[in-house]
Amino acid sequence: MIRFEDVSKHYDNHTALRKVSFSVERGEMVFITGPSGSGKSTLLKLIYLSERADEGSVFVSGWEINTMRDSDVPVLRRKIGVVYQEFRLLYNMSVFENVAIALRIRGVDEREVKARVFDSLKIVNLRHKSDNYPHALSGGEQQRIAIARAIVAEPILILADEPTGNVDPDTSAGIIRTFKEINARGATILIATHNRELFRDTGKRTLKLDFGNFVGEGIG
Ligand SMILES: Nc1ncnc2c1ncn2[C@@H]1O[C@H](COP(=O)(O)OP(=O)(O)O)[C@@H](O)[C@H]1O
Ligand SMILES: [Mg+2]
């Protein structure tokens with residue numbers, strides 16, 4: 001599903017990733033770990049092409065995406081659900097509308113939009129808040145809206161950047177459980193986190209970064 005071959009990324013004169021190579025199989029759930037500043041967010045950005053690698057090759061679903069034309073990027077993005085670290089919710093729209101957007105941009109018809117948004121909100125336990133506005137919800141609930149939006153179109157790949165960054169330990173455990181359920185239905189999931197508690201005892205593979213170097217893998 002994903003393969004990095006000797007991938008490097010430089011910002012000005014800072015190297016965020018240095019000759020990183022790894023692969024993730026279809027259907028896996030994998031944690032990208034390492035301290036703050038180690039390159040985790042950058043690694044995810046190279047997969048959804050918010051940044052381009054400077055050296056090496058990035059393969060997603062068999063395509064070399066790093067050299068993809070800008071006009072083809074939306075085709076790639078439609079296959080991916082992203083949970084951004086800072087949520088990126090639309091605060092002038094209801095919870096329902098925030099999640100529905102992911103389907104509307106894919107041209108799904110309105111009847112199906114309704115059914116799928118409610119299904120997705122049920123998975124993250126926010127069905128009862130569908131008419132609320134995001135600013136009336138807690139940080140943890142806003143994070144769950146972002147997760148519902150990322151999963152609603154049933155993308156083959158889900159990328160989550162510190163998806164438990166703003167929530168208490170019990171809520172974190174619930175979020176990881178939710179990702180495991182979504183993974184069990186077939187989606188490949190990559191979760192970037194600096195928090196070791198998150199992947200402990202999950203039995204999932206961990207890929208560790210440190211100062212932009214790939215420093216090994218383990219099992220959570
Ligand atoms: N847009 C940017 N411009 C300059 N430096 C950046 C930019 N984004 C990230 N960096 C730097 O690259 C390194 C890796 O950042 P990042 O991928 O965000 O790490 P992590 O997600 O592991 O905290 C950090 O030193 C960070 O300051
Ligand atoms: Mg980060």
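In case you missed it, the structure is sitting above this.
Below you will find a few notes about this structure. Quick caveat, the model's predicted, so the values are computed rather than measured.

### Looking at the site of ligand 1
Taken together, Y11, H14, A16, P35, S36, G37, S38, G39, K40, S41 and T42 make up the full set of residues near ligand 1. One of the backbone N or O atoms of G39 is found 3.0 Å from an oxygen atom in ligand 1. In the model, an oxygen atom of ligand 1 is placed 2.8 Å from a nitrogen or oxygen of the S41 side chain. In isolation ligand 1 exposes 560 Å². Once the protein is present, 63% of that is buried. At the level of secondary structure, the elements contributing two or more residues to the shell around ligand 1 comprise strand 2 (14–24) and helix 1 (40–47). The element contributing the most residues to the shell around ligand 1 is helix 1, with three residues. Within the shell around ligand 1, the residues separate by chemical class into three nonpolar, seven polar and one charged.

### Quick word on the pattern of salt bridges
The tally for this structure, following the rule as stated, stands at 12 salt bridges. One salt-bridge network, in which partners are shared between bridges, spans E28, R205 and E217.

### What about the sheet that holds strand 10 (residues 213–219)?
The strand order across the open sheet formed by six strands is 6-7-8-3-9-10, and the pairing between neighbours is mixed. Edge positions in the sheet fall to strand 6 (80–83) and strand 10, since each of these pairs with one other strand and no more. Strand-to-strand twist of the sheet, defined as the mean angle between neighbouring strand axes without regard to direction, takes the value 15 degrees. Looking at chain direction, strand 9 (residues 205–210) and strand 10 are connected through six bridges and run antiparallel. Across the sheet, residue L209 finds its bridge partner in strand 10, namely F214.

### Brief notes about helix 5 (residues 139–151)
The terminal C-alpha atoms of helix 5 lie 19 Å apart, and with 13 residues this matches the ideal 18 Å at 1.5 Å per residue to within 8%. When you tally the buried positions in helix 5, you get 12 out of 13 residues, the bulk of the element. Residues G140, E141, Q142, Q143, R144, I145, A146, I147, A148, R149, A150 and I151 constitute the buried set of helix 5. Where helix 5 is buried, its residues meet strand 6, helix 3 (95–104), helix 4 (110–123), strand 7 (157–161) and helix 6 (169–184).

### Re the side chain of E28
Assignment of secondary structure puts E28 in the loop between strand 2 and strand 3 (29–33). Among all residues touching E28, those that are not within four sequence positions of it are S23, N183, A187, T188, I189 and R205.

### Here's the deal with the sheet that holds strand 4 (residues 55–60)
Spatially, four strands are ordered 2-1-4-5 in an open sheet, and the strand pairing comes out antiparallel. A strand with exactly one partner marks an edge of an open sheet, and here the two such strands are strand 2 and strand 5 (63–64). Pairing analysis gives five bridges linking strand 1 (residues 2–11) to strand 4, with the strands arranged antiparallel. Within strand 4, the residue paired with S8 across the bridge is E55. Contacting strand 1, strand 2 and strand 4, helix 1 crosses the sheet at an angle of about 115 degrees to strand 1.

### Observations concerning the packing of aromatic side chains
Here the structure, examined in full by the defined rule, presents five aromatic pairs. Ring centres of F22 and F214 lie 6.5 Å apart, and the angle between their planes is 25 degrees; this geometry places the pair in the stacked category. On the criterion of sequence distance, the pair formed by F22 in strand 2 and F214 in strand 10 is long-range, its members being 192 residues apart. An aromatic cluster is defined as three or more aromatic residues linked by ring pairs; in this entry it consists of F4, F22 and F214. Lying over the aromatic face of F59, R3 brings its terminal NZ or CZ to 4.4 Å of the ring centre. The ring of Y84 has R88 sitting right over it, with the charged end atom 3.9 Å from the ring centre.

### A look at the environment of V83
With respect to the helices and strands, V83 occurs in strand 6. The spatial distance from the C-alpha of V83 to the C-alpha of F118 is 18 Å, given a sequence separation of 35 residues. Ignoring anything within four residues of it in the chain, the contact list for V83 reads A146, I147, A150, L159, A160, D161, P163 and F179.

### Considering the packing of helix 3 against helix 5
Helices that pack against each other are described as a pair by the angle of their axes relative to one another and the distance between those axes. Contact geometry for helix 3 and helix 5: axes closest at 7 Å, N-to-C directions at 30 degrees. Classified by the angle between their axes, helix 3 and helix 5 sit roughly parallel to one another. For helix 3 against helix 5, the interelement crossing comes out right-handed. For the pair formed by helix 3 and helix 5, the contact residues are V95, N98, V99 and A102 on the first element and I145, A148 and R149 on the second. The residue makeup of the contact of helix 3 with helix 5, split by class, is five nonpolar, one polar and one charged.

The rules we used
- Residues numbered from 1 in each chain as written.
- Chains lettered and ligands numbered in written order.
- Predicted model: local features only at pLDDT ≥ 70, side-chain atom pairs only at ≥ 80, totals over all residues.
- Heavy atoms only, no water.
- Near = heavy atom within 4 Å.
- Polar contact = N/O pair within 3.5 Å; in protein donor to acceptor, adjacent residues only side chain to side chain.
- Areas by Shrake-Rupley, 256 points an atom, 1.4 Å probe, with all protein chains shown as cover.
- Helix = DSSP H or I, 4+ residues; strand = E, 2+ residues; numbered from the N terminus.
- Nonpolar A, V, L, I, M, F, W, Y, C, P; charged D, E, K, R; others polar.
- Salt bridge = Lys/Arg side-chain N within 4 Å of Asp/Glu carboxyl O.
- Pairing = 2+ DSSP bridges.
- Axes fitted to C-alpha atoms, helices over the stretch in contact; angles between N-to-C directions.
- Expected span 1.5 Å × (residues − 1).
- Buried < 20%, exposed > 50% of the residue type's maximum accessible area, 1.4 Å probe, protein only.
- Contact = heavy atoms within 4.5 Å.
- Phe/Tyr/Trp six-rings, centres within 6.5 Å; stacked < 30°, edge-to-face > 60°.
- Lys NZ or Arg CZ within 6 Å of the ring centre and 35° of its normal.
- Parallel < 35°, antiparallel > 145°, perpendicular 65-115°, else oblique.
- Left-handed = near helix turned anticlockwise from the far one by under 90°.

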